Every structure is written in C-alpha cells, then in structure tokens.
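# An overview of the molecular structure
One letter stands for each residue in the lines below.
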There are 2 protein chains.
Amino acid sequence: MDTDDTLLLDNQLCFALYGLSRKMTSLYRPLLKPLGLTYPQYLVMLVMWEEQVGTSESTLLGVSVQFLGDRLLLDTGTLTPLLKRLEKQGLLTRSRDSSDERRLCVRLTDAGLDLRERAQAVPVSMLCKSPVAPGDLLVLQAELMGLLKKFK
Amino acid sequence: MDTDDTLLLDNQLCFALYGLSRKMTSLYRPLLKPLGLTYPQYLVMLVMWEEQVGTSESTLLGVSVQFLGDRLLLDTGTLTPLLKRLEKQGLLTRSRDSSDERRLCVRLTDAGLDLRERAQAVPVSMLCKSPVAPGDLLVLQAELMGLLKKFK
DNA sequence: TGAAATTATATTGTGCACAATATAATTTTG
DNA sequence: CAAAATTATATTGTGCACAATATAATTTCA
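To keep things clear, this report deals only with the structure shown in the data block. (Residues numbered from 1 in each chain as written. Chains lettered and ligands numbered in written order. Predicted model: local features only at pLDDT ≥ 70, side-chain atom pairs only at ≥ 80, totals over all residues. Heavy atoms only, no water.)

## Concerning the protein's contact with DNA strand D
Taken together, 26 residues sit near DNA strand D, with Tyr18(A), Thr80(A), Lys84(A), Thr38(B) and Arg85(B) positioned nearest. Each atom of DNA strand D within 4 Å of the protein was assigned to sugar, phosphate or base; sugar and phosphate come to 77%. Measuring from a phosphate oxygen of DNA strand D, one finds a side-chain N or O atom of Lys84(A) at 2.7 Å. Breaking the surface near DNA strand D down by element, the ones donating at least two residues are helix H1 (13-32), helix H4 (65-72), helix H5 (76-88), strand S1 (92-97) and strand S2 (100-108) of chain A together with helix H2 (39-52), helix H5 (76-88) and strand S2 (100-108) of chain B. Looking at the surface near DNA strand D residue by residue, the class counts come to five nonpolar, nine polar and twelve charged. (Near = heavy atom within 4 Å. Polar contact = N/O pair within 3.5 Å; in protein donor to acceptor, adjacent residues only side chain to side chain. Helix = DSSP H or I, 4+ residues; strand = E, 2+ residues; numbered from the N terminus. Nonpolar A, V, L, I, M, F, W, Y, C, P; charged D, E, K, R; others polar.)

Shown next as structure tokens:
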C-alpha cells in the first residue's frame, strides 16, 4: 500500500471495527428495548447471569465492580452510573462487601434473574438479522476474540 | 452451540467487536492527542483530506454534513457539535451553501490541510503497535469492510 | 402559484466512554 | 502501632452516539 493510501478511510481496519460495532449495537437496540436495556447494560447482565445463575453461593457473594470491569473492559466511570441505573430498574442491588467495605457487592434481584428468560431470544433474533451464514460469523468471532486477547 | 451458551459473553461476536473497537480507539488516543484530535474527529479529517487535497475545485465546493455522515455512518446529532469543535480549533470552516441555504459547506483551512502531513505518521505508528502481522490485519480489514457493506 | 411534502441541518435529552481526580478502606512498612 | 502506599469505588468534566424533535429552505404538485 502506498503511504498516501494509508490515510484513506476505506483502508482503515479500525474504521471497519468502529462502524461495524456501532451497526451491531443498532441491531441490538430494538431487541433490547422491550427488556429495558441498552447494549452495555445487556453486557453487564450477561456477566451477572453467568455468575449468579445456578450457583446459590455466588448469589450470596455477589460480584464486584472490578470483576465486571475486567470482564467488559470498562472502568468505574462507566460502570458506576450504569449499575445505578440497573439498580433503579430493580434488576440488581448494590451494597458494600461487609468483609471489605471498599468493595461493592452487586447481586441480581429476582427480576434480574427472571429477565434472563426473555433475553434468551436476543442472540437468536440477532442471528436472523445476519446477511451472512452463521458459520462465517463464528469464524470471525474467533478471530476477533483472539485479536482482543493479543491486544489486551 | 447450546441455547444457554449463546448468552455467554465469550461467545458473542458483538462483544468482540465492541471491545476491539474501543481498544483500537485507545491505541489511537496518544497518537492523535498531539494533533489535538479525537478518533471521530480524525475520521472526519480523513474524509476532508480525501475530498480536498489536490483538487482545488472541491476546496471551493466544500463538503456537506450529509456527505460526511454517509461516509462515516454518523448523523447530524453527532456531526454538528463535532464540526463546531474542529471549526473552533481552526481546522475547518462552516458556511452555508449559497445555492442551497439548507446545506452546510465544510472546508479545510490551511491549518487543516497542513495537519495532514503530521497525520501521515499515525497509521504507521498504529501498525507498530500491532501484535499481529500486517498481512493478517489486511485480511481481517477486508472481511470487516465486506461485512459492514452487507449489513448496511 | 401556494399549500403540502421533502430535505438538510440543528437542538435537546439520555447514556455511554474515559481521563483525571477524590475519597475512604485496607495493607504495607518503617 | 502509625504513617505511607495501595486498592476499590465514586465523582467530575468532555466528547461522542443516537433518538426525537425543531427549524428553515427547497421541491412537488394540486
């Protein structure tokens, strides 16, 4: 590629990532709106469901902001207000960890747990919107996840 | 994939896109800061440079908000304030198109044109940060651009 | 031609992202 | 043990994104 060409928008990997990421979020939006969730809120709920569904002990333990941040690559400046909104919606509770008062203990409420049932349809609906074969998406997903880990 | 597995964060293509896109932006940040640009501002400048470098006619004609929005997949709610910031920085001018007063005429200033020289180093520096071979990135870029067009 | 529809941009309001800083609890160390 | 360093979360401020709405210019067409 010519030096000049590197400044062309169409030659920029990062613009493709940026554009496609926003496009995907816009496809999620109508699916998540009935659940009362934004896409980042949905991601937080995914982590919470992973941690607290089935395991009654971790429901008691709760999840820290740091844990959520590590999983989602987000900092407290993003998570703190987001978690407050989910709390206000009644999907989770925020309380201090009694063994370390610095830590926050995020726990799903019953409503938060129940929401998982309705969320089951979301990935399926997303797949239906894809103009590409699911297999191709799986390949791409593996590539991107690998890249994300290498860059992280 | 099991139905339950579709709700796992690691199985979500869109989370990989979302995370990787933000990771890339964070790698751009220190490179763009000396230029006084954010990543979306940099993208606008890329389009402006494509349109107005070398072609003296289009410098006269200028570029509309709609054109920028079509290229970058952004709407006026994002672009209008962003363009005002670039104007305040002296990189471009915003004036009405005399043949159609609805249209805005965005033009690079001399400072905006000059900034392109310093921006030449940005794509090179980004490549240096990559833990992956440039060839692999090119392949991925082509895949993502193709997908972006199919989804659009 | 003039009212209705369309088009281009701007504005408002909400919710991320993230740097920088603040605060308070815990741990480390002198 | 107490001061210093570290850790976890919260707050502040700026700049996107984007839906919804507003405004004003242009076009369409009855």
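## Some thoughts on the interface of chain A and chain B
Residue-level contacts link 55 residues of chain A with 55 residues of chain B. Summing the contributions of chain A and of chain B, the shared interface buries around 5,700 Å²; its carbon and sulfur component is 72%. Counting the contacts that link chain A with chain B gives zero salt bridges. Broken down by secondary-structure element, the contributors of at least two residues to the side of chain A that touches chain B are H1, helix H2 (39-52), H4, helix H6 (110-119), helix H7 (121-129) and helix H8 (134-151) of chain A. The greatest single-element share of the side of chain A that touches chain B, amounting to 14 residues, is contributed by H1(A). Of the residues that constitute the side of chain A that touches chain B, the class distribution is 36 nonpolar, nine polar and ten charged. (Contact = heavy atoms within 4.5 Å. Buried area = accessible area lost by both parts, 1.4 Å probe. Salt bridge = Lys/Arg side-chain N within 4 Å of Asp/Glu carboxyl O.)

## What about H5(B)?
All names here are of chain B. In this model, H5 (13 residues) spans 18 Å end to end at C-alpha, consistent with the 18 Å of a helix rising 1.5 Å per residue. For H5, the set of buried residues is Leu-79, Leu-82, Leu-83 and Leu-86. What you see down the axis of H5 is that its buried residues fit within an arc of 105°, all on one side. Those residues of H5 that are exposed and aimed more than 90 degrees away from the buried face are Gly-77 and Lys-88. Measuring from the backbone nitrogen of Gly-77 back to the side-chain oxygen at the start of H5 gives 3.2 Å, which picks out Asp-75 as the cap. Gly-90, located one to two residues past H5, shows a positive phi value of around 80°. (Expected span 1.5 Å × (residues − 1). Buried < 20%, exposed > 50% of the residue type's maximum accessible area, 1.4 Å probe, protein only. Arc of directions from axis to C-beta.)

## Points about a negative patch on the surface
Negative charge collects at one region of the surface, where Asp136(A), Glu143(A), Asp136(B) and Glu143(B) lie side by side. Mapped onto the fold, Glu143(B) is located in helix H8 (residues 134-151). (Patch = residues over 30% accessible without salt bridge, like charges linked within 9 Å, V, L, I, M, F, W, Y side chains within 5 Å. Areas by Shrake-Rupley, 256 points an atom, 1.4 Å probe, with all protein chains shown as cover. Lys, Arg positive; Asp, Glu negative; His and termini not counted. Charge placed at Lys NZ, Arg CZ, Asp CG, Glu CD.)

## Thoughts on the relation of the copies chain A and chain B
You can overlay chain A on chain B at an RMSD of 0.0 Å; the transform is a turn of 180° with a shift of 0.0 Å along its axis. What the rotation and shift describe, once combined, is the action of a two-fold rotation axis. Among all residues of chain A, the minimum C-alpha distance to the rotation axis is found for Leu17(A), at 3.1 Å. Here 100% of the interface residues in chain A have copies in chain B that are interface residues too; the copies meet face to matching face. (Least-squares fit on C-alpha atoms with pLDDT ≥ 70 in both.)

## What to know about the packing of helix H4 (residues 65-72) of chain B against H5(B)
Geometrically, a packed helix pair is captured by the angle between its two axes and the distance between the axes. Residues and elements named next belong to chain B. Packing of H4 against H5 brings their axes to within 10 Å, and their N-to-C directions diverge by 115°. Where H4 crosses over H5, the handedness of that crossing is right-handed. Residues Val-65, Leu-68 and Gly-69 of H4 form the contact with H5, whose participating residues are Thr-76, Leu-79 and Leu-83. In terms of residue class, the contact of H4 with H5 is made up of four nonpolar, two polar and no charged. (Axes fitted to C-alpha atoms, helices over the stretch in contact; angles between N-to-C directions. Left-handed = near helix turned anticlockwise from the far one by under 90°.)

## Topic: the pattern of salt bridges
Residues and elements named next belong to chain B. Counted according to the given criterion, the structure contains six salt bridges over all chains. Note that Arg-71 is salt-bridged to Glu-50, the shortest N-O span being 3.3 Å. One end of the pair, Arg-71, is in helix H4; the other, Glu-50, is in helix H2, with 21 residues separating them in the sequence. A residue is classified by how much of its surface remains accessible, and Glu-50, at 26% relative accessible area, is partly exposed. Glu-87 serves as the salt-bridge partner of Arg-94, at 3.2 Å between the closest nitrogen and oxygen. Overall, Arg-94 belongs to the partly exposed group, its relative accessible area being 24%. On the accessibility criterion, Glu-87 (31% relative accessible area) is partly exposed.

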